[in-house]
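# Architecture at a glance
So the chains spell out like this:
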Amino acid sequence: MKVFWMFCACAVASFAEESVDVFGFQKFFETKAGSVSWTSEHWANGHERTFSDWSGDEEDPLQWTDDHSSDEGGFKVDGKGVMQMLGNGPRFHINGQISWTEKNQFFLNTEYTAYFMRNEMGGADYGGMVVGVRSGALGHASSGGNNCDANTYYARFRNDGKWDFEKEWKHPGSYYRSGSGVGKQDPLWGGKPLPLNKWIGMKYIVYNKDESTVRLELYIDSTSNATPPGKWELVGVAEDAGRDWSGASYGAAMIEGCKDYNGLENAYDAILNGGGVVLMRTDNDHPFYKFVTVREIDPALPIKSNQSTTAIRTFAHRFGKSAISRIHERLHIRYFDLLGRFVRTKEHRRFPFAVKFTDR
């Protein structure tokens, strides 16, 4: 009997999910059972290539790479694991719902991890490391586009040195928020612009907290220079329950012209479902990406990190009607200088342990 229980314990352990992704970077939530993840492993297959003009990457094994750029610039893969965005308006879609592909995946509760670098100044202030989740496939100024298909939550490490979440229902209208609240953009690098020649990690997690609320969590690795498992710190959190955050320009209350397409009129509605597509974008600059993973997650199954540098704590939390014993706590807003060091603001001098983030 003792041998039997030892066998069972070993079997359970063998099926436990790895706490790191395929590149060795820390996961925060377990992958949803039965889902299909996308990674940039094929960027390191030894084949240098460029794809553009609304074509896909033929060497993507899932065939989910979907170029919806606003021009014909496209993307360059060096064959060693790095992709560079080209053109004036690159839009790199990860679309797991293309009908003719062998495998499909709708990304709803998503954990996105990637590293980014820019090697030149310039670009639009709102460009930089920008990723959107829950997008529709045709909503962002692309070939054959549909402006009412935008429905996206963005996270942005902006070229001008600020960070925010951006909510968009109908392209090109949108509105933003950060740790300071709706309509605010907080500094990320002590007032300086997004740095050059530095690999910056972003982990962006979006999931439905309950039937009416979407939770967004944004983390940064500004110190490891893309060294696994990363050194992750929380940048900010937001929760959208459809009350105070519009997805239309200047925070307008109504969306015009989409009622016949999807019945949508209220710009404050939370994007509880969306279109299942993840996209990376910028404007008028040509940054580099590597170590990209996109996973559909189970929000009820956080992975406890062994890293002392990871800003994750857990607490008993009620997720809808189900009790979850370990989930991410509301933590603190953090600001970083060009070396990734914590910047103390006036608020930090008043409250030296950190600035408490309060959901609005």
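Above this text you will find the structure in question.
These notes cover the structure that comes with them. (Residues numbered from 1 in each chain as written. Predicted model: local features only at pLDDT ≥ 70, side-chain atom pairs only at ≥ 80, totals over all residues. Heavy atoms only, no water.)

### A short note on the state of the cysteines
For the structure on display, the rule yields one disulfide. The disulfide partner of Cys 148 is Cys 258, and the S-S distance across this bridge is 2.1 Å. Between Cys 148 and Cys 258 the sulfur-sulfur dihedral comes to about -95 degrees; the bridge is accordingly left-handed. Taken as a pair, Cys 148 in the loop between β9 (128-135) and β10 (152-158) and Cys 258 in the loop between β17 (233-240) and α2 (259-262) lie far apart in primary sequence, 110 residues in all. (Disulfide = S-S within 2.5 Å. Helix = DSSP H or I, 4+ residues; strand = E, 2+ residues; numbered from the N terminus.)

### As for unusual backbone geometry
A cis amide bond links His 171 to the next residue, Pro 172, at an omega of 5 degrees. Its location among the elements puts Pro 172 in the loop between β11 (162-168) and β12 (175-178). Here the phi dihedral of Ala 226 falls at roughly 65 degrees; this positive angle occurs in a residue that is not glycine. Among the structural elements, Ala 226 can be located in the loop between β16 (214-221) and β17.

### Some points on the packing of aromatic side chains
Evaluated as defined, the whole model comprises 19 aromatic pairs. For the pair Phe 25 and Phe 291, a centre-to-centre distance of 5.3 Å together with 45 degrees between the ring planes defines the contact as tilted. Residue Phe 25 is located in the loop between α1 (2-14) and β1 (29-31), and its partner Phe 291 is located in strand β19 (residues 288-302); the two are separated by 266 residues in the primary sequence. Looking at Phe 25, the relative accessible area reads 0%, which means it is buried. A relative accessible area of 23% places Phe 291 in the partly exposed class. (Phe/Tyr/Trp six-rings, centres within 6.5 Å; stacked < 30°, edge-to-face > 60°. Buried < 20%, exposed > 50% of the residue type's maximum accessible area, 1.4 Å probe, protein only.)

### Considerations on the nonpolar core
Among the nonpolar cores identified, the biggest contains 52 residues, and Phe 92, Tyr 112, Tyr 153, Phe 157, Tyr 204, Met 280 and Tyr 289 are the most heavily contacted of them. Tyr 115, Trp 199, Phe 288 and Ile 297 belong to the second largest nonpolar core, which has 17 residues in total. (Core = buried A, V, L, I, M, F, W, Y, C linked by side-chain atoms within 4.5 Å.)

### Section: the pattern of salt bridges
This model, assessed by the stated rule, comprises 19 salt bridges. The closest approach of N and O atoms between Glu 17 and Lys 27, which form a salt bridge, is 2.8 Å. Of this pair, Glu 17 sits in the loop between α1 and β1 while Lys 27 is found in the loop between α1 and β1, placing the two residues ten residues apart along the sequence. Under the relative-accessibility criterion, Glu 17 is labelled partly exposed at 26%. Close ionic contact of Asp 57 with Arg 49 constitutes a salt bridge, the shortest N to O distance being 2.9 Å. With respect to class, Asp 57 is no different from Arg 49; both count as buried. Here the salt bridges share partners, and the residues they tie into one network are Glu 17, Lys 27, Glu 111, Lys 203 and Arg 295. (Salt bridge = Lys/Arg side-chain N within 4 Å of Asp/Glu carboxyl O.)

### Considerations on the side chain of Asn 159
Checked against the element boundaries, Asn 159 lands in the loop between β10 and β11. For Asn 159, a relative accessible area of 4% gives the class buried. Not counting chain neighbours up to four residues away, the residues in contact with Asn 159 comprise Arg 118, Gly 122, Gly 123, Ala 124, Asp 125, Gly 127, Gly 128, Pro 193, Leu 194, Thr 282 and Asp 285. (Contact = heavy atoms within 4.5 Å.)

### Things to note about the side chain of Asp 21
Relative to the helices and strands, Asp 21 is located in the loop between α1 and β1. A polar contact of 2.8 Å, which involves the side chain of Asp 21, links it to the backbone nitrogen of Phe 23. Apart from residues lying up to four places away in sequence, Asp 21 is in contact with Lys 27, Thr 113 and Thr 293. (Polar contact = N/O pair within 3.5 Å; in protein donor to acceptor, adjacent residues only side chain to side chain.)

### Some thoughts on the pairing of β11
With six of seven residues buried, β11 is to be regarded as a mostly interior element. Note that β10 and β11 share six bridges and pair antiparallel. Residue pairing in the sheet places Phe 157 in a bridge with Trp 163 of β11. Where β10 hands over to β11, the hairpin turn is made up of three residues, of which Gly 161 adopts a positive phi near 90 degrees. Bridge count for β11 against strand β14 (residues 186-187) is two bridges, and the pairing is antiparallel. Paired with Lys 162 across the strands is Pro 187, a residue of β14. Note that β11 and β12 share three bridges and pair antiparallel. For Lys 167, the partnering residue across the bridge sits in β12 and is Tyr 175. (Pairing = 2+ DSSP bridges.)

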